[in-house]
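Here is how the chains run, residue by residue.
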Amino acid sequence: MVDDSTRKTLSNIPLLQIRAGPREKDVWVQRLKEEYQALIKYVENNKQSGSDWFRLESNKEGTKWFGKCWYMHNLLKYEFDVEFDIPVTYPTTAPEIALPELDGKTAKMYRGGKICLTDHFKPLWARNVPKFGIAHAMALGLAPWLAVEVPDLIEKGIITYKDNC
């Protein structure tokens with residue numbers, strides 16, 4: 001089941017049409033255009049609602065993505081590097097999002113800092129190919145993971161606030 005908040009977030013992210021991955025060079029450019037449009041819309045919606053929480057950019061080919069994500073906890077901003085590669089079987093296969101600096105700090109993570117999305121997100125992704133893209137992975141994969149894991153890691157003293165001033 002999807003809760004109302006998730007449903008609202010999802011309804012504000014454009015669904016994608018083109019079924020292409022990095023191997024289909026000509027069509028991949030069109031898919032990448034859709035990806036950027038969905039990401040821009042998602043970020044704009046987040047800014048309007050006061051819940052801006054990540055920045056992403058990619059290499060020229062759109063196959064490697066990197067940036068920052070952050071989570072606010074008790075009015076403190078915890079910031080993390082985020083990175084992922086687009087799988088060659090994309091969009092059939094969801095990207096594996098990694099937060100390298102948290103590698104090994106939680107059981108809900110694989111080697112290299114890749115967050116665990118197996119139980120909840122990947123089945124949802126599989127049912128929505130090719131409509132879901134990077135913005136959906138951020139909204140329905142990384143955002144809920146951060147909301148569950150970061151407060152737990154803070155309470156356990158595994159991560160601490162770093163003043164970036």
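Higher on the page you've got the structure.
We now turn to the structure provided with this report. (Residues numbered from 1 in each chain as written. Predicted model: local features only at pLDDT ≥ 70, side-chain atom pairs only at ≥ 80, totals over all residues. Heavy atoms only, no water.)

### Things to note about the overall build of the protein
Secondary structure assignment for the protein yields four helices and five strands. Reading the protein from its N end, one meets helices and strands in the order α-α-β-β-β-β-β-α-α. Relative to the compact-globule value of 15 Å for 165 residues, the protein shows a C-alpha radius of gyration of 16 Å, a close match. Counting only C-alpha atoms, the protein reaches 45 × 35 × 35 Å along its principal axes. Every one of the 165 residues in the protein was classed for burial, and the buried ones make up 42%. Look at the contacts in the protein between residues 6 or more apart in sequence, and 51% of them connect residues 24 or more apart. Positive and negative side-chain charges in the protein, numbering 23 and 22 respectively, have mean positions lying 4 Å apart. (Helix = DSSP H or I, 4+ residues; strand = E, 2+ residues; numbered from the N terminus. Rg over C-alpha atoms; globule rule 2.2 N^0.38 Å. Buried < 20%, exposed > 50% of the residue type's maximum accessible area, 1.4 Å probe, protein only. Contact = heavy atoms within 4.5 Å. Lys, Arg positive; Asp, Glu negative; His and termini not counted. Charge placed at Lys NZ, Arg CZ, Asp CG, Glu CD.)

### A closer look at the pattern of salt bridges
Counting across every chain of the model gives 11 salt bridges. One salt bridge in this structure joins K122 and E96, with 3.7 Å as the shortest N-O distance. Placement of the pair is K122 in helix α3 (residues 121-127) and E96 in the loop between β3 (76-85) and β4 (109-110), with a sequence separation of 26 residues. A salt bridge links K162 to E101, with the shortest nitrogen-to-oxygen separation between them at 3.7 Å. On the criterion of sequence distance, the pair formed by K162 in the segment after α4 (134-155) and E101 in the loop between β3 and β4 is long-range, its members being 61 residues apart. (Salt bridge = Lys/Arg side-chain N within 4 Å of Asp/Glu carboxyl O.)

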